[in-house]
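Inside the fold
Letter by letter, the chains look like this.
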Amino acid sequence: MKIKSSLSVREAAVRLAAESSIGTWTDISTMKPEIRKLAAKIFEIKEDVIKVAYPLDIFEPSIPQILADVAGNIFGMLDVDELRIEDIIIPSKFLKQFRGPSHGIDGVRNMMQIKDRPLVGTIIKPKIGLPYKDHARVAFEAWIGGIDFVKDDENLTNQSFNPFKERVIETLQALDRVETKTGEKKNYAANISAPYNEMLERADILKDHDGKCAMIDVITCGFSAVQSFITEERFNFILHGHRAMHAAMTRNPNHGIHMSMLALLSRMCGMDQFHVGAAFGKMEGDVEEVTRNIHSCTFDCGLKKTFPACSGGLHPRVIPDIIETFGKDIIIQAGGGVHGHPKGTTAGATAMRQAVDAVMDGVSLETHAKTHEELAGALQKWKSQYS
Ligand code: CAP
Ligand code: MG
């Protein structure tokens, strides 16, 4: 953790360690020697960076409880002006008490029958406002063009113009038609984010219509909902985690929580796919940060690996940078970068796939575009990163 305080770093750290484990602001008559053993310990101080160790006994395998310890009151203490949790290391024996992803990267790849390249996804745009029949038509056009994975946007749930049930039925019918026509596997993530009871009702609708994938806005729904959902075994969906609102906690480098910790918690809660940033698009988060987020999703820890999804302001021209930087075990998603293609959604989807194919074949986009007009159209429109 990084601390800014009017006290010495050591004094602030001691108070912080107490508040996040057994202590309070003053001596108390109820303290006992055996409870003192449960105190968090500062074991390293280097300038303004401290390392804190917590005894495992103060935790239970509950994300709400863990956060109330390690990221709870300490953010509001008057003794601390700024506080940033840069990293958390959780012992694997404790990590294993969480379910983690049910499918993980391997399960998703098996289901999609795509072994050797990044998956390509799109978000239906406009993000809200589109009636459900149009939503399904746009999904069809994207799949036919070569997109593997279509998902709802984070703020599209069950609005009057696009009710959840009708959207799911219509979009999954479109998916069936595309799979029959192309012989390829496709996937659709319906956004079930809602108060928990409604989330379950929407998940039942999705399951009744043979949906395979649900999207959850992890931060706005809350870790309690997300950690509970994975225990609802009747669903067995591929879970796609969107991280809308994360930046309220993660963006300020001097205060809040590093995104890589939220990525790890989301993996522990069972996200099979999770937004990690893109570094070459419209959202904040540089290569170093996205690399750390991907590490949280994929390091060996006894849980299945979460498929990192790079998204936000992407289009075919940036695909080489993304794959060369983050590897092929990623999902590359583009909303505007598909539906903004001068020839429409199908051409935009094709251009995304052509860009991925070019990188996998070791051919430059410019060379590939000479014989692939959809890619040429995309390169003509988008000349650099996020513009
Ligand atoms: C992408 C996106 C995602 C962002 C969120 C959007 O669309 O659907 O919500 O990726 O950021 O609405 O912006 P575009 P992140 O391709 O049209 O930008 O992935 O960083 O969480
Ligand atoms: Mg979105």
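Bear in mind that the values here come from a model prediction, so they are computed numbers and not experimental data. (Residues numbered from 1 in each chain as written. Chains lettered and ligands numbered in written order. Predicted model: local features only at pLDDT ≥ 70, side-chain atom pairs only at ≥ 80, totals over all residues. Heavy atoms only, no water.)

Turning our eyes to something else, we now look at the overall build of the protein. Within the protein, the regular secondary structure consists of 18 helices and 13 strands. Over its C-alpha trace the protein gives a radius of gyration of 23 Å, about what one expects of a compact globule, namely 21 Å for 387 residues. Taken across its 387 residues, the protein has 53% of its residues classed as buried. Restricting to contacts in the protein with at least 6 residues of sequence separation, those with at least 24 account for 74%. By element, 50% of the accessible surface of the protein is carried by carbon and sulfur atoms, the whole surface being about 17,100 Å². Separation of charge centres in the protein, based on 46 positive and 50 negative side chains, amounts to 2 Å. (Helix = DSSP H or I, 4+ residues; strand = E, 2+ residues; numbered from the N terminus. Rg over C-alpha atoms; globule rule 2.2 N^0.38 Å. Buried < 20%, exposed > 50% of the residue type's maximum accessible area, 1.4 Å probe, protein only. Contact = heavy atoms within 4.5 Å. Areas by Shrake-Rupley, 256 points an atom, 1.4 Å probe, with all protein chains shown as cover. Lys, Arg positive; Asp, Glu negative; His and termini not counted. Charge placed at Lys NZ, Arg CZ, Asp CG, Glu CD.)

This paragraph deals with the site of ligand 1. As a structural note, the neighbourhood of ligand 1 is formed by 17 residues, with Lys 125, Arg 243, Lys 282, Gly 313 and Gly 335 the closest of them. Here an oxygen atom of ligand 1 and a side-chain polar atom of Ser 311 are 2.9 Å apart. In the complex, 94% of the free accessible area of ligand 1, which totals 470 Å², lies under the protein chains. The residue inventory of the shell around ligand 1, partitioned by class, reads three nonpolar, eight polar and six charged. (Near = heavy atom within 4 Å. Polar contact = N/O pair within 3.5 Å; in protein donor to acceptor, adjacent residues only side chain to side chain. Nonpolar A, V, L, I, M, F, W, Y, C, P; charged D, E, K, R; others polar.)

This part is about the coordination of the magnesium ion (ligand 2). Asp 153 (OD) and Glu 154 (OE) make up the full set of protein donors to the magnesium ion (ligand 2), lying at 1.9 to 2.1 Å. For the residue pair Asp 153 and Glu 154, the accessibility class agrees, reading buried in each case. (Donors = N, O, S within 2.8 Å, 3.2 Å for Na, K, Ca; no water.)

Here we take up the environment of Asp 217. The residue Asp 217 is located in strand S8 (residues 213–217) in this model. Distance in space between the C-alpha atoms of Asp 217 and His 246 is 10.0 Å, their sequence separation being 29 residues. Setting aside residues up to four positions removed in sequence, Asp 217 forms contacts with Glu 154, Asn 191, Ser 193, Gly 222 and His 242.

Before going further, it helps to examine the domain arrangement of the protein. Once the domains are mapped, the protein shows domain 1 (2–85) and domain 2 (104–381). The distance between the C-alpha centroids of domain 1 and domain 2 comes to 37 Å. Listed by partner, the interface residues are 14 residues for domain 1 and 17 residues for domain 2. Interface area for domain 1 against domain 2, summed over the two sides, is near 1,300 Å², with a carbon-plus-sulfur share of 59%. By the criterion of area lost to domain 2, the three top residues of domain 1 are Ile 63, Arg 84 and Ile 85, representing 48% of everything that side buries. Along the contact surface separating domain 1 from domain 2 lie 12 residue pairs in polar contact (both at pLDDT 80 or more). Contributing elements (two or more residues each) for the side of domain 1 that touches domain 2: helix H3 (63–70) and strand S4 (82–85). (Domains from an automatic or database assignment. Buried area = accessible area lost by both parts, 1.4 Å probe.)

This paragraph deals with the nonpolar core. Core analysis: the largest hydrophobic core is formed by 102 residues, its most contacted members being Phe 229 and Ile 322. The element best represented in this core is helix H12 (residues 259–268), accounting for seven residues. Two domains share this core, each providing at least three of its residues, namely domain 1 (2–85) and domain 2 (104–381). Residues contacting Ile 322, with those up to four places away along its chain left out, are Ala 278, Phe 280, Cys 310, Leu 314, Gly 327, Ile 330 and Ile 332. Grouped together as the second largest cluster of nonpolar side chains are 13 residues, Val 108, Met 112, Leu 119 and Ile 238 included. (Core = buried A, V, L, I, M, F, W, Y, C linked by side-chain atoms within 4.5 Å.)

The next subject is the pattern of salt bridges. Within this structure, the stated rule accounts for 23 salt bridges. Glu 154 is the salt-bridge partner of Lys 127, the closest N and O atoms lying 2.8 Å from each other. Residue Lys 127 is located in the loop between strand S5 (119–123) and helix H6 (132–145), and its partner Glu 154 is located in the loop between strand S6 (149–151) and helix H7 (164–182); the two are separated by 27 residues in the primary sequence. The class of Lys 127 is partly exposed, set by a relative accessible area of 31%. Given a relative accessible area of 17%, Glu 154 falls into the buried group. Here the salt bridges do not stand alone but share partners, grouping Arg 84, Glu 86, Asp 87 and Arg 292 into one network. (Salt bridge = Lys/Arg side-chain N within 4 Å of Asp/Glu carboxyl O.)

Before going further, it helps to examine the sheet that holds strand S13 (residues 331–333). Spatial ordering of the closed barrel is given by S5-S6-S7-S8-S9-S11-S12-S13, a layout of eight strands whose pairing is parallel. If you compare each strand with its neighbour and ignore which way they point, the axes differ by 25° on average. Sheet analysis places S8 next to strand S9 (residues 238–242), joined by five bridges and oriented parallel. Counted as the bridge partner of Ile 216 is Gly 241 from S9. (Pairing = 2+ DSSP bridges. Axes fitted to C-alpha atoms, helices over the stretch in contact; angles between N-to-C directions.)

A few words now on the pairing of S5. When you tally the buried positions in S5, you get five out of five residues, the bulk of the element. Along S5, one buried face is formed by Leu 119, Gly 121 and Ile 123 and the opposite face, lined by Val 120 and Thr 122, is buried too. Where S5 and S13 come together, three bridges link them in parallel fashion. Its bridge partner being in S13, Gly 121 is matched across the sheet by Gln 333. Once you follow S5 into H6 and on to S6, the crossover reads as right-handed. (Right-handed = clockwise from strand over helix to strand, strands pointing away.)

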